[in-house]
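Listed below, chain by chain, are the residues.
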Amino acid sequence: MTILREAFYLDTSKGTRFCLLRRPMGAPCGAVLHVPPFAEEMNKSRRMVALAAERMASQGWAVLQIDLMGCGDSHGDFGEAEWGDWLDDLTLAHSWLRQHVVAAPPVLWSLRAGSLLLADWLRRTEALTAGLLMWQPVLNGRQHLTQFLRLKAANEMLADADASAVMSQVRAALAGGQGVEIAGYLLSPGLARGLEAASVSLPIGYRGPVALIELRAEAGVGPSPGVSVWGQKQVDAGLAPILRVVQGPAFWQTQEIELAPDLLACTDEVLGCLR
């Protein structure tokens, strides 16, 4: 199938947002909106996301990627971005996709901490029937922020600094309204607050189809304990989540670019269930 690719910018009150749309030559069977991961994980994941988007488009889907404020080729610096800015960016991309490509709700495809942003966005919208496709979701924003802050502590330890003291200083700076540079990224207090408060808890009233795909290094293992607990909570809420586990590398954090073919194949399998 012939795939059309279009790169363009969307205007906001805080500058432009870079978007990339892949779509089939004819009318698409549906649409997918990608919600990217956090900080350097977004850059390390670009190859896998591009491969998946190409496959989706070859199967008839229109796939929209957006660089959030301060990320990629979008306007602004990472240190200027607030959590609310990223929520606004998702609203902008979602509205554009429905107005210009297909009117039906798009499947919302998130990776890692993008799932935290997506869940928070769902609580602020009426998109309660959209299909969700989550790749290796981060389920707890506070834990994810702590892990990110530890990158600075680990770097400072090379200079014989005390890790716990560094963490305390970083949190104090953020609480006092100061940005903190971590692993080459200036983290704003507003972005830190939003990430810390986020969790992948779906809003009351959500009734859309959900698929979660987890990558594990070992073959033939089941979901991790956290995913199992999360899945049971969805069942208790009356949903029927699709949970899949595939073998593959943690491509969002590996030093070299790595691919996870089984993840792509599993995505092909479950995507049709999310319309």
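Attention in this report is confined to the structure presented alongside it. A quick note: this is a predicted structure, and the numbers were derived from the prediction, not measured.

1. Thoughts on helix α7 (residues 225-236)
Count 3.6 residues to each turn of an α-helix, and residues three or four apart come out pointing the same way. Look at α7: 17 Å from first C-alpha to last across twelve residues, which is about the 16 Å you get at 1.5 Å a residue. For α7, the complete set of buried residues consists of Val227, Trp230, Gly231 and Gln234. For α7, the arc enclosing every buried residue in end-on projection is 100 degrees, short of the 170-degree limit, so these residues lie on one face. Away from its buried face by more than 90 degrees, α7 exposes Pro225, Lys233 and Asp236. On its buried face, α7 sits against β6 (132-135), β9 (210-216) and β10 (242-247). Positive phi shows up at glycine 238, right after α7, with a value of about 95 degrees.

2. Things to note about the sheet that holds β9
Reading across the sheet, the eight strands line up as β1-β2-β4-β3-β5-β6-β9-β10 and stay open at both edges, with mixed pairing between neighbours. Edge strands, defined here as strands with exactly one partner in the open sheet, are β1 (3-12) and β10. Taken pair by pair, the neighbouring strands of this sheet meet at an average axis angle of 20 degrees, ignoring direction. Examined bridge by bridge, β6 and β9 share four bridges and lie parallel to one another. When the bridges of β9 are listed, tryptophan 135 appears paired with isoleucine 213. Taken strand by strand, helix α2 (residues 83-100) contacts β1, β2 (15-24), β3 (30-35), β4 (61-66) and β5 (107-111), and its axis lies near 165 degrees from that of β3. Set on the sheet, helix α8 (residues 261-271) makes contact with β3, β4, β5, β6, β9 and β10; between it and β10 the angle comes to about 160 degrees.

3. Things to note about the pairing of β2
For β2, the buried fraction is high: seven of the ten residues fall into the buried class. Of the strand pairs in this sheet, β1 and β2 are connected by ten bridges, and their pairing is antiparallel. The residue of β2 that forms the bridge with alanine 7 is leucine 20. Hairpin connection between β1 and β2: a loop of two residues separates the two successive antiparallel strands. As defined by bridge partners, β2 adjoins β4 across four bridges and the pair is classed as antiparallel. By the bridge assignment for β4, leucine 21 is matched with leucine 64.

4. Quick word on the pattern of salt bridges
Under the definition given, this model contains twelve salt bridges. Between arginine 46 and aspartate 67 there is a salt bridge; the shortest N-O distance is 3.7 Å. Of this pair, arginine 46 sits in helix α1 (residues 40-58) while aspartate 67 is found in the loop between β4 and α2, placing the two residues 21 residues apart along the sequence. On the accessibility criterion, aspartate 67 (7% relative accessible area) is buried. The salt bridge involving arginine 123 is made with aspartate 120; its shortest N-O contact spans 3.7 Å. We classify aspartate 120 as buried; its relative accessible area is 10%. Salt bridges linked by common partners bring Arg5, Arg22 and Glu54 together as one network.

5. Some words on the packing of α1 against α8
Interhelical geometry of α1 versus α8 gives an angle of 40 degrees and a closest axis separation of 10 Å. Between α1 and α8, the angle is such that the two are oblique. Between α1 and α8 lies a crossing whose hand is right-handed. Listed contacts from α8 to Met48, Leu51, Ala52, Arg55 and Met56 of α1 are Leu263, Leu264, Ala265, Thr267, Asp268 and Leu271.

6. Observations concerning the packing of aromatic side chains
The full count for this structure, using the stated rule, is eleven aromatic pairs. Relative to tryptophan 86, the ring of phenylalanine 38 has its centre 6.2 Å away and its plane inclined at 65 degrees; by these criteria the two rings are edge-to-face. Of this pair, phenylalanine 38 sits in the loop between β3 and α1 while tryptophan 86 sits in helix α2, and the two are 48 residues apart along the sequence. Taking the relative accessible area as the measure of exposure, phenylalanine 38 reaches 4% and is therefore buried. Residue tryptophan 86 is classed as buried on the basis of its relative accessible area of 4%. Counting every residue linked through ring pairs, the aromatic cluster contains Phe38, Phe78, Trp83, Trp86, Phe148 and Tyr185.

7. Some remarks on unusual backbone geometry
The phi dihedral of alanine 39 is positive, around 55 degrees, even though this residue is not glycine. Assignment of secondary structure puts alanine 39 in the loop between β3 and α1. Residue classification places alanine 39 among the buried residues on the basis of a relative accessible area of 7%.

Scoring rules and cut-offs
- Residues numbered from 1 in each chain as written.
- Predicted model: local features only at pLDDT ≥ 70, side-chain atom pairs only at ≥ 80, totals over all residues.
- Heavy atoms only, no water.
- Helix = DSSP H or I, 4+ residues; strand = E, 2+ residues; numbered from the N terminus.
- Expected span 1.5 Å × (residues − 1).
- Buried < 20%, exposed > 50% of the residue type's maximum accessible area, 1.4 Å probe, protein only.
- Arc of directions from axis to C-beta.
- Contact = heavy atoms within 4.5 Å.
- Pairing = 2+ DSSP bridges.
- Axes fitted to C-alpha atoms, helices over the stretch in contact; angles between N-to-C directions.
- Salt bridge = Lys/Arg side-chain N within 4 Å of Asp/Glu carboxyl O.
- Parallel < 35°, antiparallel > 145°, perpendicular 65-115°, else oblique.
- Left-handed = near helix turned anticlockwise from the far one by under 90°.
- Phe/Tyr/Trp six-rings, centres within 6.5 Å; stacked < 30°, edge-to-face > 60°.

Any functional reading would require information that these geometric values do not contain.
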